Amino acid sequence: MDLTIEGNAYLNGTFEKRCIGIEQGKISAIKKILKGDEHLNFGRKLILPAGIDIHVHFRDPGFVYKEDFSTGSQAAAFGGITCVFDMPNTKPQTTTVQTISEKIRTAKKKSFVDFGAYVAIDDENIKYINGMSKHCSGFKIFLGSTTDSLQLSEQKLKEAIYAVNQANKITLIHAENEQCLREHKEVEHNLKDHIRCRPSECEEKSIKDVLDACRDVSSKIHICHLSSCEGFELLRKKPKSVSVGVTPHHLFFDVGSINSKQTLYKVNPPIRSNLDRETLWYGVKNGFIDVLESDHAPHTLEEKEVDFDNAPSGLPGVETMYPLFLAEVKKNHLSFARLISLLCERPAELMNIPKGKIEVGRDADFIVIDYKETTTVKSENLHSKCGWTPFEGMSTIFPGDVFLRGERIIEEHQLTSSSGLGNNVASGVQ
Ligand code: DOR
Ligand code: ZN
């Protein structure tokens, strides 16, 4: 056995003092006593599955002054995320076999964690879905316009979903109805205006369209970043093939709780009312929400510190997501079981990857935490190129150690690997 690690491991919903054996990057045994060539004893510290973030914007290629695969994936690693899935609104946009292949080549060179990448479907490339499906982890559909995104028109939604169903891939959807957004467009001065311009009814309308379009399909459909009570009500009784994600920013903030620098919190869909926020928490705690996704969408402070109407939407979050919710668990706001399901188990299931659980045969991806060690978020300690965080000052539990396929990529809060180790996790994709 190459390596054994010992500690208080999260196994099947409880913590047990165990040794985990690792061979060729996989978990090969879980026993009370086990010794490999190398043995690491973490004592009373907790060993949890590493997180999986199915929604990041690493800006590579095209906007690498905001982030690139190297900095974005380092931020992920420090935050206990060992697998990320990258969104297609880069420059060029990821809409062809060539652009997805190029992005994967870049990620292979630069990424410190495992990764996958999505292709965006628009009105032009819809006929090539089958061919493109062999090169990506899934497809993204933007039904409403947002930062540097392209769109699929509402009339083509069903055709797109059916084509992805044939290819048996997951479809992730940004559900804001474009017509509705256009009807509400006006000059914006603050976050309240932003909500008026992108009201819940646009999300509601779009989710209705998606639920209608996917009635007879069996492939997975994921509604990204749910933000409203109205959307939540529609999804309460969703079919089995539909999953829902919520972001940290929609759970930690509401429009009434943000007093400073409004543009930093400008994001699509918008951060809404306290009632929306509480409804999302209800869904998270009670199992109606499937995953937490950061929607890590970095922009520079220079870009954000302009008048509200001209500021880009989006905020960073991949590094702070797991640590923020670990602190919520410590405050008894959430159970370990829910958190691990939301950040590890369900994302692994959705993306069909052998991660997300401490179980023989799966990838040896773990984080080790000292549950007593709470710290506060400070932007200068984070690793995204954008250099700021909307979660400044909030309490967190950061992992001291992070393992990716048995490699200790973070050791006592320090990065150990000097170059990218990340693999593409999409099955059958080179
Ligand atoms: O606020 C957002 N920013 N929403 C999106 O859908 C895209 C993202 C970005 O890429 O900046
Ligand atoms: Zn996004």
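Description of the structure in this document. Treat the numbers as computed from the prediction; the structure is a model and nothing was measured. (Residues numbered from 1 in each chain as written. Chains lettered and ligands numbered in written order. Predicted model: local features only at pLDDT ≥ 70, side-chain atom pairs only at ≥ 80, totals over all residues. Heavy atoms only, no water.)

1. Things to note about the site of ligand 1
Looking at ligand 1, the residues that line it are His57, Arg59, Asn89, Thr146, Thr147, His174, Val267, Asn268, Ala297, His299, Ser313 and Gly314. Note that an oxygen atom of ligand 1 is positioned 2.8 Å from one of the side-chain N or O atoms of Arg59. Within the side chain of His174, an N or O atom sits 3.2 Å from an oxygen atom of ligand 1. Here ligand 1 loses 100% of its free accessible area of 290 Å² to cover by the protein chains. For the shell around ligand 1, the residue count by class is two nonpolar, nine polar and one charged. (Near = heavy atom within 4 Å. Polar contact = N/O pair within 3.5 Å; in protein donor to acceptor, adjacent residues only side chain to side chain. Areas by Shrake-Rupley, 256 points an atom, 1.4 Å probe, with all protein chains shown as cover. Nonpolar A, V, L, I, M, F, W, Y, C, P; charged D, E, K, R; others polar.)

2. Digging into empty space enclosed by the protein
If you walk through the whole model with that rule in mind, you get three cavities of 30 Å³ or more. For the largest cavity, the lining is made up of 17 residues, of which His57, Thr146, Asn268, Asp295 and Ala297 are closest to its centre. A breakdown of the residues in the lining of the largest cavity according to their chemical character gives three nonpolar, eleven polar and three charged. Counted as a void, the second largest cavity has a volume near 70 Å³. (1 Å grid on protein atoms, 1.4 Å probe; cavity = no way out; pocket = protein on both sides within 12 Å on 5 of 7 lines; lining within 4 Å. Points joined across faces, edges and corners; volume = space filled by probe spheres on them.)

3. Observations concerning a negative patch on the surface
On the surface, Asp2, Glu23, Asp37 and Glu38 cluster together into a patch of negative charge. Among the structural elements, Asp37 can be located in the loop between strand 3 (26–31) and strand 4 (38–49). (Patch = residues over 30% accessible without salt bridge, like charges linked within 9 Å, V, L, I, M, F, W, Y side chains within 5 Å. Salt bridge = Lys/Arg side-chain N within 4 Å of Asp/Glu carboxyl O. Lys, Arg positive; Asp, Glu negative; His and termini not counted. Charge placed at Lys NZ, Arg CZ, Asp CG, Glu CD. Helix = DSSP H or I, 4+ residues; strand = E, 2+ residues; numbered from the N terminus.)

4. Observations regarding the sheet that holds strand 5 (residues 51–56)
One open sheet holds the eight strands; their spatial order is 5-6-7-8-9-10-11-12, and the pairing between them is parallel. Edge strands, defined here as strands with exactly one partner in the open sheet, are strand 5 and strand 12 (291–292). Alignment of strand 11 (residues 242–246) against strand 12, held across two bridges, turns out to be parallel. When the sheet's bridge partners are listed, Gly245 is paired in strand 12 with Val291. Sheet contacts for helix 2 (residues 97–110): strand 6 (81–86) and strand 7 (114–120); angle to strand 7, the most-contacted strand, approximately 160 degrees. (Pairing = 2+ DSSP bridges. Contact = heavy atoms within 4.5 Å. Axes fitted to C-alpha atoms, helices over the stretch in contact; angles between N-to-C directions.)

5. Regarding the coordination of the zinc ion (ligand 2)
At this site the zinc ion (ligand 2) is bound by His55 (NE2), His57 (NE2) and Asp295 (OD), with donor distances of 2.0 to 2.2 Å. In the primary structure, the donors to the zinc ion (ligand 2) are separated according to the pattern H-x1-H-x237-D. In terms of burial, His55 and His57 fall into one category: buried. (Donors = N, O, S within 2.8 Å, 3.2 Å for Na, K, Ca; no water. Buried < 20%, exposed > 50% of the residue type's maximum accessible area, 1.4 Å probe, protein only.)

6. As for the state of the cysteines
Applying the stated rule across the entire model yields one disulfide. Disulfide pairing places Cys180 opposite Cys202 at an S-S distance of 2.1 Å. Its torsion about the S-S bond being -75 degrees, the disulfide of Cys180 and Cys202 is classed as left-handed. Of the two residues, Cys180 is situated in helix 5 (residues 178–183) and Cys202 in helix 7 (residues 200–213); the sequence distance between them amounts to 22 residues. Cys202 matches Cys180 in its accessibility class, with the two residues each being buried. (Disulfide = S-S within 2.5 Å.)

7. Looking at the pairing of strand 9 (residues 170–174)
Looking down a regular strand, the side chains alternate between one sheet face and the other. Most of strand 9 is tucked away: five of the five residues are buried. Burial along strand 9 is two-sided: the residues Ile170, Leu172 and His174 and Thr171 and Ile173 are all buried. Here five bridges tie strand 8 (residues 138–142) to strand 9, and the two strands are oriented parallel to one another. Looking at the pairing, Phe139 lines up with Thr171 of strand 9. For the segment spanning strand 8, helix 4 (residues 157–167) and strand 9, crossover handedness is right-handed. (Right-handed = clockwise from strand over helix to strand, strands pointing away.)

8. Some thoughts on the packing of helix 4 against helix 7
Between helix 4 and helix 7, whose axes approach to 9 Å, the crossing angle comes to 50 degrees. The pairing of helix 4 with helix 7 is recorded here as oblique in orientation. You can see that helix 4 and helix 7 cross each other, and the crossing is right-handed. For the pair helix 4 and helix 7, contact is made by Leu157, Lys158, Ile161 and Tyr162 and by Asp209, Val210 and Ala213, respectively. Residue composition of the contact of helix 4 with helix 7, grouped by class: five nonpolar, no polar and two charged. (Parallel < 35°, antiparallel > 145°, perpendicular 65-115°, else oblique. Left-handed = near helix turned anticlockwise from the far one by under 90°.)

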